[in-house]
Each structure stands twice: as structure tokens, then as C-alpha cells.
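# Geometric and topological summary
In case you want the letters, here they are:
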Amino acid sequence: MRVRSAAATLTVTAALLAPAPAVSPSASSAQPDLRPFYSQHLRWTPCADLPMNPEDMRCAHVTVPLDYAAPGKGTVSIALARIASTSAHPRGSVLLNFGGPGDPGIVTLAGFGRTFNDLTDAYDVVTFDPRGVGRSSPVTCGNVPRPVFTGTDPAALLKKADTYYDECLRASGPVLPYVGTINAARDLDVIRDALGDDKLNYLGFSYGTRLGAVYAGEFPHKVGRMVLDGVDTLTEPLAEQGLVIAEGRQTALDDFATWCANRPDCALGTNSRTAKESVVRLLHRIEEHPITLYDGSLFTAEVLVSALSATLYSQANWPSLNRALTTLIDDNDPIPLLATSMPVPVASLRPRDVVPADNSQVALTAVNCADDPDRLTAAQLSDPVAYERLRAAYLKASPVFGPAQLDQLLLCAGHPKGSDYVRSVHDVDTPKFLLVGTRGDPATPYRWTEETARRLGDSAVVLDNRGEGHGGYVSSKCVKRTVDTFFLEGDLPSSGQSCSAEPVPPDGPTG
């Protein structure tokens, strides 16, 4: 992934964003009594509302405090799922987080449980829906359309953000202000104890690496075998993250368009330059004429951008993406694209009576805003020239993905001030653990792996995956073998050891 040109534009945001004072979650000398939340007994039962539910998967719930500083305020029920070990004497559990933030763990494990068969030789494989996500008190904005920010009037921009957040507060109930990585990390420790594990064995992907790093900072002496794959940043504010992510996804889209244009059946045409322009034209078409789906919901430009983002995470999706775009462009039918971009079939992903349709996006915004202390204020937005420079930087990073990333940043202006705790994590005093960075990752650039490893200190061991795609465990046999060996045998590679890129068939990746 090319990131240098994005880095050059990051200074555009510096004049608009002022650092906030650090807020420590442990600043109070009075320690609340959390003993009632530990030593819970889990009751594993068949999972409900999961058409793809593996026969050996069971579900349970654990209760955590809404507010760890004031546990009397109320509780949150965290949904868990487990595929039991095949060993007669399992070593405990490996807890998985699949990223997002906002991605539900339970439906993902239901669709991909066999991926972790090697781990079940020794461990129970467990996942969870983090607070505010999926079946764990899901946050929602009542399916009110997310605001689209246009113009340069700071008062109008902030009013939109404030109004939308107020709608989300009304629809979500009490959990929304308490969604964020520091509380989710504390939930991990309650889950660890409920599973009966003295130490947390953990495999986190993408955002799950941020969650794992924060757990290591908060509970260093409870860390067991930990792997962070597709390493997130701990230090860059959302404004800078958004630019890097937009450019990374644009690079992946351009690579897809170039590959596609060399095929006679390319949905975007057989000229690589015009193929890239075709995606922008398609985006404008959907923006002007959203498509009504079978359930009455709309396939909008925002949904198209989200679907493209998810599909471009892996080169293996390219043939399927080409076919799905052909159907969308020629027949105005987005269902194949939606199906390609989701880990399990659309119909089984989130039953409407269990999880609101907007939950993943609302949770993503809520967690990212809670983790970032920077806010765009009226004073910071009051200079139309400065705001236009910011908007231009995002469009330059990506005409397709830039506007959506900028909207994410502006939405945070309506949220309460976030915590600086994530940025405070450094030099963790834990057993050695593994960070996997992928050179061609379109979402979490390899330099984030290097930066985060330096920040976490001597405990962090880096595996350099010289392949493509978001994360290495599901795309590289070498990475998977290295990770599984660490969990099963305790053997770590030397820091800086690499996995070669997996060979790609001559006609491109297969679906």
C-alpha cells in the first residue's frame, strides 16, 4: 500500500485539530467494587437466530457494568459464542475479536468457524459481540439516515452532527456513552475470568489489535498468548487515520481496476484509466438514484462505498467483485455485491428483531469517536478556507472513499469528548506476543505495525507478511502456521522474520 503521499497531506489537518489533555481511566483513587462481576458461571446453550450455526457452536452471556467507575449505574449483557476443543484436556480458551470496530463476533464465527479448527486441537475457540455491537446491547440511530456533510458553514455542520447524535442517544438507550475500547478491554477481563482462564489467550484482527493492545496496557499480568493481526494505530488521530485508510482503499481499488481491465469480461471496461473513472461514475449514479431493496431499505452511495471497502480487503474477491459489478451496472441489482462483501449470506447476517440494520456503522462511529480526544469545533471549522483544504485532502486521497472517511470525522463533532487512554498505552510489561503486519494491507498499513511495535516495547515481536490483503491469518498459509504454532506450542518467530507472498495464479486470484 502506498502511504507516503497520504502522509504528506496530513499536515492539512494539524491547524484544525488541537490535542486534548490526557484522561486516565484510573485517575480516581477510590476503586469501585467489581467483585460481583467476577466468578460468573456461564451457561452454554444452542445459539438462536443463526441459520449458519455450526452444530458444535454454543452461546452464552456474561454481565458487565455499564460504567466501570460507577458499577451501580446498570449492566450490559455481553453475548459469547464457543466452539469447544476436541481435546480431552483443553488448555483453556482463545478469545477472538474480528475487528471493525462494530463487527459482530458471533455471526462471523458461525460463518468461519472451520478456519480455527487447528486451534480447537488444544483450546476452546470463543468470540463475543463487544458492548454496543450485535447481540450485546446494540447501539442504533433508529435507522435515521446518516447526515451527509456539504457546504462550509460550521454552525450547520455541527448542528447536523449534534442532531444525529441526539437521535442515536434516544434510540440506543443508556449504552451509547459507554461504548469504547477502554470499557471493551475491561469487559475482556470479565470474560477471561468467566471462562475460567488465569491468563487471556487472544487473537485480534484489525480493530481487534487496538483492543488487545489496550488490554495489555490495562491488565499486563493477565496476558497469556496474544496475537495482533492487521495492526491498528495507537497514536494517530482520526483525521490522519481517515486519510491513510482512504488512500489505502483507493490503491486497492485501482489495483483491482487495472487487473479487471485486462479481462474481456471486465465490468468497468478494458481501459485501465477509464475503468477507474467508471467506479466514480457508478458512485454518482447511485447517489442520484438509490436502489430500493426487497426489504424496503435503500442501496445508497454510502452502502456502495462500504461494500467496495469490504470486498477489496482480499484479492481473492476480485473475480466475484467483477461479476457483482456487472450485475449492478447492467441490471441495477446490488444483491450480488452485498453478498460478496459480507462474510455470511445477507439473509442470515442480522435478523431485524435481534440487531438493528444500522448497528455496525453506528458502533464503528461510536467506538472511534470515544477513542479519539480530538473534536472539530465551531471555532476550528470557522475558517472556510481551512475546511476546504481538509475536504480537498480527503478527495485527493480518494474520490471514492475520501468523502465517507471525512463524514466519519465530522460525525465525531457531535459526540462527547473522547478518552486519550488508547494513546497512553506504551511499553507494556507482558510476556512476548506476536504482531502480524501485511505489506499490501489496504486498511492498516505496514508502518502502523512497526510504529505500534515500537510503542508497545520489547514484548512485541513482529512477523512481516509480504503479501496482500487485510490481515495475514486468513490469506497466508505461512502466517496461519506461525500463529497456530505460537498458540499450540508457544514458539515465536524472531522479530522481523517474514512470510513470502502467496503465489497468485496467472489469470488472477480465484474466488
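Residues numbered from 1 in each chain as written. Predicted model: local features only at pLDDT ≥ 70, side-chain atom pairs only at ≥ 80, totals over all residues. Heavy atoms only, no water.

## A look at the overall build of the protein
We count it as follows: Here a helix means four or more residues in a row that DSSP labels H or I, a strand means two or more in a row labelled E, and each is numbered from the N terminus. Relative accessibility under 20% of the residue-type maximum defines a buried residue, over 50% an exposed one, and the middle range a partly exposed one, all with a 1.4 Å probe and only protein chains included. Contacts are assigned to residue pairs with any non-hydrogen atoms lying within 4.5 Å of each other. The Shrake-Rupley method, run with a 1.4 Å probe sphere, supplies the accessible areas, and residue values consider only the shown protein chains as cover.
Helices and strands together make up the secondary structure of the protein, namely 19 helices and 12 strands. Scored against the burial criterion, the 511 residues of the protein give a buried share of 56%. Pairs at least 24 apart in sequence give 76% of the contacts found in the protein among residues at least 6 apart. Of the roughly 21100 Å² of accessible surface on the protein, a fraction of 52% belongs to carbon and sulfur atoms.

## Overview of the packing of helix α7 (residues 238–261) against helix α10 (residues 318–331)
How we decide: Orientation is described by axes fitted as lines to C-alpha atoms, over the contacting stretch for helices, and by angles from 0 to 180 degrees between their N-to-C directions. Every angle not falling under 35 degrees, over 145, or within 65 to 115 is termed oblique; those three ranges are roughly parallel, roughly antiparallel and roughly perpendicular. When residue character is reported, Ala, Val, Leu, Ile, Met, Phe, Trp, Tyr, Cys and Pro are called nonpolar, Asp, Glu, Lys and Arg charged, and the others, Gly included, polar.
At their nearest, the axes of α7 and α10 sit 11 Å apart, and the two run at 80° to each other. Compared by their axis directions, α7 and α10 come out roughly perpendicular. Contacts from A252, D255, F256, W259 and C260 of α7 reach α10 at W318, P319, L321, N322 and L325. When its residues are assigned to classes, the contact of α7 with α10 shows 8 nonpolar, 1 polar and 1 charged.

## Points about the sheet that holds strand β5 (residues 124–128)
Two strands in a sheet stick together by hydrogen bonds in their backbones, pointing the same way (parallel) or opposite ways (antiparallel). We count it as follows: One bridge is not enough; two strands pair if DSSP finds at least two bridges between them.
Pairing within the open sheet is mixed, and its 10 strands lie in the order β1-β2-β3-β5-β4-β6-β7-β10-β11-β12. In this open sheet, the two strands that pair with only one neighbour each are β1 (45–46) and β12 (497–499). Judged from the 4 bridges that link them, strand β4 (residues 93–97) and β5 form a sheet pairing that is parallel. Pairing of L95 across the sheet is with V126, part of β5. Lying on the sheet, helix α5 (residues 181–194) is in contact with β2 (57–65), β3 (75–83), β4, β5 and β6 (200–205); it crosses β2 at an angle near 125°.

## Here we look at the packing of aromatic side chains
Threshold: Two rings belonging to Phe, Tyr or Trp (six-membered ring only in the last case) form a pair when the distance between their centres is within 6.5 Å. Interplanar angles under 30 degrees mark stacking, angles over 60 mark edge-to-face geometry, and anything in between is tilted. Note on geometry: a ring has a charge over it if NZ (lysine) or CZ (arginine) is within 6 Å of the ring centre and within 35 degrees of the ring normal.
For the structure on display, the rule yields 10 aromatic pairs. The ring centre of Y446 lies 4.0 Å from the NZ or CZ of R439, which sits over that ring.

## With respect to the pairing of β3
Each regular strand carries side chains that alternate between the two faces of the sheet. Strand direction decides the pairing type here: β2 and β3, joined by 9 bridges, are antiparallel. Looking across to β3, one finds that P65 is bridged to T75. Note: β3 against β5, 4 bridges, orientation antiparallel. The partner of L80 across the bridge, within β5, is F128.

## Re the pairing of strand β7 (residues 223–229)
How we decide: When the strands point away from the viewer, a crossover counts as right-handed if the route from the first strand across the helix to the second turns clockwise.
Among the 7 residues in β7, 6 count as buried, and that is most of the element. With 5 bridges joining them, β6 and β7 adopt parallel strand pairing. For L200, the partnering residue across the bridge sits in β7 and is V223. Taken together, β6, helix α6 (residues 207–218) and β7 form a β-α-β motif whose crossover is right-handed. As paired elements, β7 and strand β10 (residues 433–440) share 3 bridges and run parallel to each other.

## Description of the state of the cysteines
Applicable threshold: Any cysteine sulfur atom paired with another within 2.5 Å is treated as part of a disulfide.
A complete count under the given rule lists 5 disulfides for this structure. Sulfur-sulfur distance for the disulfide between C141 and C168 comes to 1.8 Å. When the S-S torsion is 90°, as for the bridge of C141 with C168, the disulfide is right-handed. Of this pair, C141 sits in the loop between β5 and α4 (154–172) while C168 sits in helix α4, and the two are 27 residues apart along the sequence.

## Focus: the environment of D372
For the record, the criterion: Any pair of N or O atoms that falls within 3.5 Å is considered a polar contact. Within protein, one atom must be able to donate a hydrogen and the other to accept it, and sequence-neighbouring residues count only if both atoms are side-chain atoms.
In this structure, D372 sits in the loop between α13 (359–370) and α14 (378–381). For D372, a relative accessible area of 3% gives the class buried. Linking D372 and D420, residues 48 residues apart in sequence, is a C-alpha distance of 6.3 Å. Within polar-contact distance, the side chain of D372 engages the backbone nitrogen of L238 at 2.4 Å.

## Overview of empty space enclosed by the protein
Basically, it comes down to this: The rule is simple: put a 1 Å grid over the protein atoms alone, call a set of points where a 1.4 Å probe fits but cannot get out a cavity, call an open set with protein on both sides within 12 Å along at least five of seven lines a pocket, and count a residue as lining if it has an atom within 4 Å of a point. Grid points are joined across faces, edges and corners, and a volume is the space filled by probe spheres set on the points.
On inspection of all chains with the given rule, the structure shows 5 cavities of 30 Å³ or more. Computed from the structure, the largest cavity encloses a volume of approximately 90 Å³. Around the largest cavity, the lining residues are R210, T233, L234, E236, P237, L238, Q241, N368, D371, D372, V422 and R423. For the lining of the largest cavity, the secondary structure elements donating two or more residues are α7 and α17 (421–424). In terms of residue class, the lining of the largest cavity is built from 4 nonpolar, 3 polar and 5 charged. Of the voids in this model, the second largest cavity is the one considered here, and its volume is about 70 Å³. Among the residues forming the lining of the second largest cavity, the class breakdown is 7 nonpolar, 4 polar and 1 charged.

## Quick word on the side chain of T233
The topology assignment puts T233 in the loop between β7 and α7. With relative accessibility at 3%, the residue T233 sits in the buried group. Among the polar contacts made by the side chain of T233, one reaches the main-chain amide nitrogen of T235 at a distance of 3.1 Å. For T233, the side chain forms a polar contact with the main-chain nitrogen of E236, separated by 3.1 Å.

## Observations concerning the packing of α7 against helix α15 (residues 384–397)
At a minimum axis distance of 8 Å, the contact between α7 and α15 shows a crossing angle of 30°. Judged on the interaxial angle alone, α15 and α7 are roughly parallel. Residues L238, A239, G242, L243, A246, E247 and Q250 of α7 pack against A393, Y394 and A397 of α15. When grouped by side-chain class, the residues that make up the contact of α7 with α15 number 7 nonpolar, 2 polar and 1 charged.

## With respect to the confidence of the model for the protein
Here is the rule: Confidence scores labelled pLDDT are given residue by residue by the predictor and lie between 0 and 100.
On average, residues of the protein score 87 in pLDDT, and 90% of them are at 70 or above. In the predicted structure, residues 1–29 sits below a pLDDT of 50 and forms 54 contacts with residues beyond four places in sequence or in another chain. Counted against residues more than four places away or in other chains, residues 344–352, with its pLDDT under 50, gives 21 contacts.

## A look at the nonpolar core
Heads up, the condition is: In these notes, a set of buried Ala, Val, Leu, Ile, Met, Phe, Trp, Tyr and Cys residues joined through side-chain atoms within 4.5 Å is what counts as a nonpolar core.
By size, the foremost hydrophobic cluster in this structure holds 113 residues, and its most contacted members are F256, F299, L304, L328, L435 and L456. At 11 residues, α7 tops the list of elements feeding residues into this core. In terms of nonpolar packing, the next biggest core, distinct from the first, is built from 33 residues, M57, L96, I106 and F486 among them.

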